[in-house]
Amino acid sequence: MRTQVVIIGSGPAGLLLGQLLHRRGVDTIVLENRSRDYVLGRIRAGVLEQGTVALLDEVGLGARMHREGLPHDGTELCFDGRRHRIDFKEQTGTTVMVYGQTEVTRDLMDGRAAVGAPTVYEADGVALHDIATDHPRVTYSKDGVSHEIQCDFIAGCDGFHGPSRPAIPVGVLKTYERVYPFGWLGILSETPPVSDELIYANHERGFALCSMRSKTRSRYYIQCRLDEKEEEWSDGRFWDELKRRLDEKAASTIVTGPSIEKSIAPLRSFVAEPMRFGRLFLAGDSAHIVPPTGAKGLNLAASDVHYLANALGEYYSAKSSAGIDHYSQQALSRVWKAVRFSWWMTNLMHRFPNTEPFDYKMQVAELDYLVHSKAAMTSMAENYVGLPF
Ligand code: APR
Ligand code: PHB
């Protein structure tokens, strides 16, 4: 079997890359080790930067997002018992779109099927071969039958635990990591959101976030210790703790209800360099991880594949390697700025163990400065809505 680009992974990065390459007349095969339903069952943040919205429009898959998504002109920061609004539109002239990652993935899967581009689900033992040569190969098995795909390029869109990043030789790959000493306990509930916009709360008891999936489905998080387990948190305990971390109005008006999903996620910052080795390109979580505080994960996957699709399109249309030779440097430049913003917001909003009362006062002082300074609000807003691609 042969194709031009093998894409490993059918998450947002792999699927969006597949659509962008299809529009450029580049043939791909997507290999995914999980089932379609398993991939769609993942609960992930869905705050889309305008660049990501534009890419979904570019591949003709933005209709449901515009119909069902929630445009947000700002967000609220809660500290010292008070909420303060950061107006994205006033500070930057642009907004974000709240539209669950599951829905983005579903739209991309449907779009790929609609153009008849092949995806192999439940592909086992995906392995990369000869990536340092001009004739890379990918092998896998499906229903016990072994397969080999010869290709020009491999796009490693297989997330943090996939096989692509480890295929880069140890002596070449450099990694940078910060693991945070806490996690996020999140629940999904069929209840109306407590506010029209997201609320990020810094409280002495810990961080909290009020988000949403629609006008009838809410997503809430509270910072928790890494040694805690979901089963230690009844719904009632979760709601009580969340209310303690919010301002009085939110705490008194929040509509609670049974959780339909409850999970604890660790937080880390991670970047792997380079994002290209030979005929292998990394994109999305295979190359970098951000703490969800800045809602950057999905949007970095989008900007990576935007650059990569342009580079590969140029290779095939203009027979030029300039784009693919520049890809890693170009992608990493935007990645590091988003990693910095996510790190900054995580340090500003969370309670770190063994910190002094002075450290909490510094956080509150920075938040107080932020919400009263146009320059500071503009800086935060332009990072949150997304720096230019
Ligand atoms: N073989 C084939 N597919 C694999 C393998 C493998 N060995 N290992 C992982 N995969 C698949 C995963 O099952 C997943 O569907 O690769 C896909 C990677 O998708 P994501 O993890 O969603 O990563 P990405 O597409 O880069 O999207 C980043 O997803 O994890 C969130 O917060 C992150 O919002 C960000 C977004
Ligand atoms: C979410 O809705 O899951 C969400 C929103 C914003 C974040 C993180 C998660 O910063």
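Note: the structure precedes this text.
(A) Molecular detail of empty space enclosed by the protein. In the structure shown here, the tally under the stated rule is five cavities of 30 Å³ or more. Reported here for the largest cavity is a volume of approximately 110 Å³. Taken together, the elements giving at least two residues each to the lining of the largest cavity come down to strand E15 (208–212) and strand E16 (218–224). Tallying contributions element by element places E15 first for the lining of the largest cavity, with three residues. Here the lining of the largest cavity is built from residues that sort into twelve nonpolar, two polar and two charged.

(B) The arrangement of the packing of helix H10 (residues 322–349) against helix H12 (residues 374–385) in detail. Between H10 and H12, the least distance of the axes is 10 Å, while the angle of their chain directions is 120 degrees. With respect to H12, the axis of H10 lies oblique. Here the hand of the crossing between H10 and H12 comes out left-handed. Contacts from Lys337, Arg340, Phe341, Trp344 and Met345 in H10 reach Met380, Asn383 and Tyr384 in H12. Looking at side-chain class alone, the contact of H10 with H12 contains five nonpolar, one polar and two charged residues.

(C) Representation of the side chain of Asp87. Locating Asp87 in the fold gives a position in strand E6 (residues 82–87). In this structure the side chain of Asp87 is engaged in a polar contact, spanning 3.0 Å, whose partner is the backbone nitrogen of Lys89. What Asp87 contacts, discounting residues up to four positions off in sequence, is Asp73 and Gly74.

(D) Focus on the site of ligand 1. Neighbouring residues of ligand 1: 23 residues in total, closest Glu32, Arg42, Arg44, Gln101 and Asp285. Between ligand 1 and Pro12, the relevant distance is 3.3 Å, taken from an oxygen atom to a main-chain nitrogen or oxygen of the residue. Separating an oxygen atom of ligand 1 from a backbone N or O atom of Leu298 is a distance of 3.1 Å. When ligand 1 sits alone it has 700 Å² of accessible area, and the protein chains cover 86% of it. Placement of ligand 1 is best described as lying within the largest pocket.

(E) Spotlight on the pairing of strand E17 (residues 259–273). In this sheet, E17 lies alongside strand E13 (residues 174–189) in antiparallel orientation, the contact comprising 13 bridges. Note that in E17 the partner of Leu185 across the bridge is Ile264. The sheet contact formed by E17 and strand E20 (residues 288–289) spans two bridges and is antiparallel. In the sheet register, Val271 faces E20, and the bridge partner there is His288.

The rules behind each value
In this convention, every chain numbers its residues from 1, walking through the sequence in written order. All chains are assigned letters beginning with A, and all ligands numbers beginning with 1, in the order in which they are written. Under the rules for a predicted model, residues below a pLDDT of 70 receive no local features and side-chain atom pairs below 80 are neither given nor counted, while totals for whole chains, interfaces and linings still include all residues. The basis for every side-chain value is the complete set of heavy atoms in the structure, and neither hydrogens nor water enter the calculation. Only protein atoms enter the calculation, which uses a 1 Å grid: trapped sets of points that fit a 1.4 Å probe without letting it out are cavities, open sets showing protein on both sides within 12 Å along at least five of seven lines are pockets, and any residue with an atom within 4 Å of a point is a lining residue. Grid points are joined across faces, edges and corners, and a volume is the space filled by probe spheres set on the points. Going along the chain from the N terminus, every DSSP run of H or I of four or more residues is numbered as a helix, and every run of E of two or more is numbered as a strand. Amino acids outside the nonpolar list (Ala, Val, Leu, Ile, Met, Phe, Trp, Tyr, Cys, Pro) and the charged list (Asp, Glu, Lys, Arg) are all regarded as polar, and Gly is one of them. An axis is simply a line fitted to the C-alpha atoms; with a helix, the fit covers only the stretch in contact. Between two such axes, the angle follows the N-to-C directions and lies from 0 to 180 degrees. Just so you know how the angles are binned, under 35 degrees is roughly parallel, over 145 roughly antiparallel, 65 to 115 roughly perpendicular, and the rest oblique. By convention, the crossing between two helices is left-handed when the near helix turns anticlockwise from the far helix through less than a right angle, and right-handed when the turn is clockwise. Contacts are residue-level and defined by heavy atoms, with any inter-residue pair within 4.5 Å sufficient. Any N or O atom pair separated by 3.5 Å or less is treated as a polar contact, with the protein-specific requirement of one donor-capable and one acceptor-capable atom, and with residues adjacent in sequence counted only for side-chain atom pairs. Working definition: residue near molecule or strand if any one of its non-hydrogen atoms lies within 4 Å of it. The method behind every accessible area is Shrake-Rupley, applied with a 1.4 Å probe, and residues are considered shielded solely by the protein chains displayed. Any molecule with more than half of its atoms within 2 Å of a cavity's or pocket's grid points is regarded as sitting in that cavity or pocket. In short, DSSP must find at least two bridges between two strands for them to pair.

Such coordinate-based values are descriptive only and should not be taken to indicate function.
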